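Listed here are the chains, written in short residue letters.
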Amino acid sequence: MTVGAAVHIIPAGPLSGTLAAPASKSVTNRLLVLAALATGESVLRGPLDSDDAQAMRGLVATLGVPVRSEGDRWRVTGAGGSFHPDAAHADARLSGTTMRFGAALATLADRPLTVTGQPPLLRRPIGPLTGALRSLGADVADTGGFPPVRCAGGGLAGGRVDVDAHASSQYVSAVLLVAPCAAADTSVRAVGLSAPAYVDLTVAAMADFGAEVERRGAGHWAVRSGGYAARTRAVEYDASAACHLYSLAAATGGSVTVTNASPTSLQPDAAFPAVLARMGVVVEAAGAQVTVTGPDALRPVDVDLAGMPDQVTSLAVLAALADGRSRIRGVAVARGHETDRIAALARELRKVGVGVEERPDGLVIDGGGARGPARLATYDDHRLAMAFAALGAAVADVAIDDPGCVAKTYPRFWDDARALGLVWEDAPAAGTVPS
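Residues numbered from 1 in each chain as written. Predicted model: local features only at pLDDT ≥ 70, side-chain atom pairs only at ≥ 80, totals over all residues. Heavy atoms only, no water.

(A) Highlighting the overall build of the protein chain. Each helix and strand in the protein chain was counted, giving twelve helices and 24 strands. Over its C-alpha atoms the protein chain spans a radius of gyration of 21 Å, differing by no more than 12% from the 22 Å that the globule rule assigns to 435 residues. Principal-axis analysis of the C-alpha atoms places the extent of the protein chain at approximately 60 × 45 × 45 Å. Split into buried and exposed, the 435 residues of the protein chain put 57% on the buried side. For the protein chain, the share of sequence-separated contacts (at least 6 apart) that also reach a separation of at least 24 residues comes to 74%. Here the protein chain displays about 15200 Å² of accessible surface, and carbon together with sulfur accounts for 50% of that area. Each charge class in the protein chain was averaged separately, 38 positive and 43 negative side chains, and the resulting centres sit 3 Å apart. (Helix = DSSP H or I, 4+ residues; strand = E, 2+ residues; numbered from the N terminus. Rg over C-alpha atoms; globule rule 2.2 N^0.38 Å. Buried < 20%, exposed > 50% of the residue type's maximum accessible area, 1.4 Å probe, protein only. Contact = heavy atoms within 4.5 Å. Areas by Shrake-Rupley, 256 points an atom, 1.4 Å probe, with all protein chains shown as cover. Lys, Arg positive; Asp, Glu negative; His and termini not counted. Charge placed at Lys NZ, Arg CZ, Asp CG, Glu CD.)

See the structure below:
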């Protein structure tokens, strides 16, 4: 479904239904990287076809690893740990994952490669990653701590490295992903890691593709040199996307069932339903099926979201609807995501009359009095757009700018939301005068 430059949400009562969440962006991109590094042909079943996944697919193709589509499968003939780029530049578009993983992959190329992207991505720091890669013998340079990243290629020596993960766990994942392709064994220590579950997801996928990775303690891994072997693997559901579906039910007193929520998922956002339960939401799980049912009135909460910072957007919106004071802590890292999500949430929620105090690592929200009219900016941030859909479903006269930015990770979000009963009409772009 194509949405316009803006949408005006029309509250239509409880949103309910049963559907499957999309495939995981995090898993798709990790498996695609591993398939590109492996020796032999890998098959990814049911990968996510979103802007972010296409960015990663384009990057590995630039490295000389084309990806062939066959129905709902991608076939990837890996390069065996040494890439042969067919261009001097690789475009990560707006994908932070692609920029970080791509910078690490480019160190394994046999010729120089610059990894760049669109202007918003170039404002996201990468210095801790390039510093770590240099410690492992890479000839790599950033631009004052930011992209573009210029890699001379030639491979990695291996050795010991400390990775500053205060700003992103993806720095650690990027180093770990390429470590099996280094000339010697690698010892990786993470410093300031606040979201270890994403690194655990990386390590589990590495081991599944044949890497020898040993955990030596909290934030410490020993990786043996030796590369990867090709695999055929299915991509599991996107727990982060499912959270936005659950939020539609929680915000409106509806009931939404996600049918493919893997009970063994290592994705940190798979734990978000437990946070919803603290707000009075009824959560029922049976195998891969998770049902959330919103209460008559949401309860305020005090939650440390350090383990799942992506969900600051969903929780902040639900806190704005809860009657009372909520506090969200531990998400300072969200200031360096697609936008400064803490500042953006404070700014936009105030537009609907909600009292918000911005803290360095989160928000204090006095909810219960949200009201329109309001026009909410999304800052080209997919998670803000999806979270604000839940707000508009509960509060009259809310418009959302740039709803199409959800294509980054969930291209069919508006179709799925409509299937659950969300009603909207196209609105003119901000700053235009209707004819």
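(B) Local environment of the packing of helix α3 (residues 96-106) against helix α5 (residues 170-178). Interaxial distance between α3 and α5 falls to 9 Å at its minimum, and their mutual angle equals 35°. For the element pair α3 and α5, the recorded crossing hand is right-handed. Facing Gly96, Thr97, Arg100, Phe101, Ala104 and Leu105 of α3, the residues of α5 in contact are Gln170, Tyr171, Ser173, Ala174, Leu177 and Val178. Residues that form the contact of α3 with α5 fall into these classes: seven nonpolar, four polar and one charged. (Axes fitted to C-alpha atoms, helices over the stretch in contact; angles between N-to-C directions. Left-handed = near helix turned anticlockwise from the far one by under 90°. Nonpolar A, V, L, I, M, F, W, Y, C, P; charged D, E, K, R; others polar.)

(C) Summary view of the sheet that holds strand β15 (residues 255-258). Overall, mixed pairing links the four strands, which are arranged β2-β15-β17-β16 in an open sheet. For this open sheet the edge positions go to β2 (17-19) and β16 (282-286), each flanked by a neighbour on one side alone. The sheet shows a mean angle of 15° between the axes of neighbouring strands, taken without regard to direction. Those strands touched by helix α7 (residues 239-252) are β2, β15 and β17 (289-293), and its axis lies near 160° from that of β15. (Pairing = 2+ DSSP bridges.)

(D) Representation of helix α2 (residues 51-62) within the structure. In this model α2 runs 16 Å from its N-terminal to its C-terminal C-alpha over twelve residues, within 8% of the 16 Å that 1.5 Å per residue would give. By the burial criterion, the buried members of α2 are Asp52, Ala53, Ala55, Met56, Arg57, Leu59, Val60 and Thr62. On its buried face, α2 is in contact with α1 (25-37), β4 (67-70), β5 (73-77), β6 (89-91), α3 and β7 (113-116). One or two steps after α2, the chain reaches Gly64, where phi turns positive at roughly 100°. (Expected span 1.5 Å × (residues − 1).)

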